[in-house]
Amino acid sequence: MKRSISLALVIAAIGATISCGDDDSEVSPEIQFTYDFTSGTEGWTGDFADYPNDEGVEEFYELDFTHSTLPEPLETNLGSLKQSGSNRSDDLFMFVKKQVTGLEPNQDYAVTIRIEIATDAASGAVGIGGAPGESVYLKAGATAIEPRKVLDDTDNHFRMNIDKGNQSQDGDDMKNIGDFANGTDEFTYVLKTLETNIPLLATADSNGELWVTVGTDSGFEGITTIYYNTIEVSINAIIQ
């Protein structure tokens with residue numbers, strides 16, 4: 001969905017309730033949600049898109065989503081969301097999502113998403129089709145409708161019902177917030193923090209609900225296994 005709210009307004013206003021220009025628009029105090037997955041998934045679910053609707057495809061692509069502890073050498077007593085897949089289509093999208101409730105119906109919001117992930121993709125490494133780090137892009141989005149994979153009958157592939165963009169490209173509903181490279185020359189898991197550098201614009205539905213989505217859009221034709229250690233969501237109502 002296209003947004004009529006000015007990005008300049010959101011950037012100037014986010015973080016405090018202040019007047020912006022001549023239109024006297026402002027943002028409300030921040031609502032914050034923090035998920036650390038200590039005891040479980042905390043209502044987050046995972047799914048996959050951009051792969052063919054073929055028999056046995058989930059096994060062939062090694063698709064997996066589960067609650068897990070962090071991998072070694074990280075603190076294995078910490079919980080996380082683990083998601084993994086083998087990108088045999090050269091375009092696999094792996095995503096996790098959660099519905100946020102208790103907002104004002106039909107209200108415009110500025111949404112900031114900050115994630116801490118565990119990644120084992122060495123920076124500057126060469127991979128099939130693309131680098132295992134720099135060619136795996138992290139996306140974040142906020143929408144009123146539930147993000148779902150749907151079958152595209154034109155090519156018998158599962159696609160997203162929202163506009164996530166493709167690989168490094170932004171979409172109307174999801175933005176590129178960084179890549180999967182771990183900042184070292186070793187294939188070992190390290191923690192990495194990524195966040196939206198410009199707030200996302202979304203309008204709550206008639207029940208005062210929004211869906212928050214983060215995921216990996218891959219051009220690396222191999223296995224990517226990501227651990228979401230924490231996800232933080234900050235929401236400000238935009239008052240006009």
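Here the structure is shown first, and the text comes after it.
Residues numbered from 1 in each chain as written. Predicted model: local features only at pLDDT ≥ 70, side-chain atom pairs only at ≥ 80, totals over all residues. Heavy atoms only, no water.

**Q** Could you give an account of the environment of Asp-153, with specific residues and numbers?
**A** Along the polypeptide, Asp-153 turns up in the loop between strand S10 (149-152) and strand S11 (157-160). With relative accessibility at 69%, the residue Asp-153 sits in the exposed group. Along the backbone, Asp-153 and Asn-53 are 100 residues apart, and their C-alpha atoms lie at a distance of 9.7 Å. (Helix = DSSP H or I, 4+ residues; strand = E, 2+ residues; numbered from the N terminus. Buried < 20%, exposed > 50% of the residue type's maximum accessible area, 1.4 Å probe, protein only.)

**Q** How would you explain the sheet that holds S11 if you had to name every residue and give the values?
**A** Taken in spatial order, the 3 strands of this open sheet run S4-S11-S10, and their pairing is antiparallel. Only two strands of the sheet have a single partner each, and these edge strands are strand S4 (51-52) and S10. Where S10 lies against S11, 4 bridges are found, and the strand directions are antiparallel. Residue pairing in the sheet places Val-150 in a bridge with Arg-159 of S11. (Pairing = 2+ DSSP bridges.)

**Q** Tell me about unusual backbone geometry, and please be specific about residues and values.
**A** In this structure, Pro-73 follows Glu-72 across a cis peptide bond, with omega equal to 5 degrees. With respect to the helices, strands and loops of the structure, Pro-73 is situated in the loop between strand S5 (64-69) and strand S6 (79-86). Even without glycine at this site, Asp-50 takes up a positive phi of about 65 degrees. The residue Asp-50 is located in the loop between strand S3 (45-49) and S4 in this model. A residue is classified by how much of its surface remains accessible, and Asp-50, at 5% relative accessible area, is buried. Positive phi, normally seen in glycine, also occurs at Glu-62, with a value near 55 degrees. Structurally, the position occupied by Glu-62 is in the loop between helix H2 (57-60) and S5. Residue Glu-62 is classed as partly exposed on the basis of its relative accessible area, which comes to 39%.

**Q** I'd like to hear about the side chain of Thr-203, residue by residue, with values.
**A** Along the chain, Thr-203 falls in strand S14 (residues 200-203). Assessed through its relative accessible area of 19%, Thr-203 is described here as buried. Here the side chain of Thr-203 touches Asp-108 through a polar contact of 2.7 Å, side chain to side chain. (Polar contact = N/O pair within 3.5 Å; in protein donor to acceptor, adjacent residues only side chain to side chain.)

**Q** With reference to specific residues and values, describe the pattern of salt bridges.
**A** Applying the stated criterion across every chain, the model contains 10 salt bridges. Between Asp-50 and Lys-164 there is a salt bridge; the shortest N-O distance is 3.1 Å. Of this pair, Asp-50 sits in the loop between S3 and S4 while Lys-164 sits in the loop between S11 and strand S12 (174-179), and the two are 114 residues apart along the sequence. This pair shows no difference in class: Asp-50 is buried, exactly as Lys-164 is. A salt bridge links Lys-192 to Asp-179; its shortest N-O distance comes to 3.1 Å. Of the two residues, Lys-192 sits in strand S13 (residues 190-195) while Asp-179 sits in strand S12, which places them 13 residues apart along the sequence. Each of Asp-50, Lys-139, Asp-155, Arg-159, Lys-164 and Asp-217 takes part in one network of salt bridges that share partners. (Salt bridge = Lys/Arg side-chain N within 4 Å of Asp/Glu carboxyl O.)

**Q** Outline the side chain of Gln-83, supporting the account with residue identities and numerical values.
**A** Among the structural elements, Gln-83 can be located in strand S6. Look at Gln-83 and you get buried, because its relative accessible area is 0%. Here the side chain of Gln-83 touches Asp-47 through a polar contact of 3.1 Å, landing on its backbone oxygen. Separated by 3.1 Å, the side chain of Gln-83 and the backbone oxygen of Phe-95 make a polar contact. Sequence-distant contacts of Gln-83, that is, excluding residues within four places in its chain, are made with Gly-46, Asp-47, Phe-48, Asp-64, Phe-65, Met-94, Phe-95, Val-96, Thr-224, Thr-225, Ile-226 and Tyr-228. (Contact = heavy atoms within 4.5 Å.)

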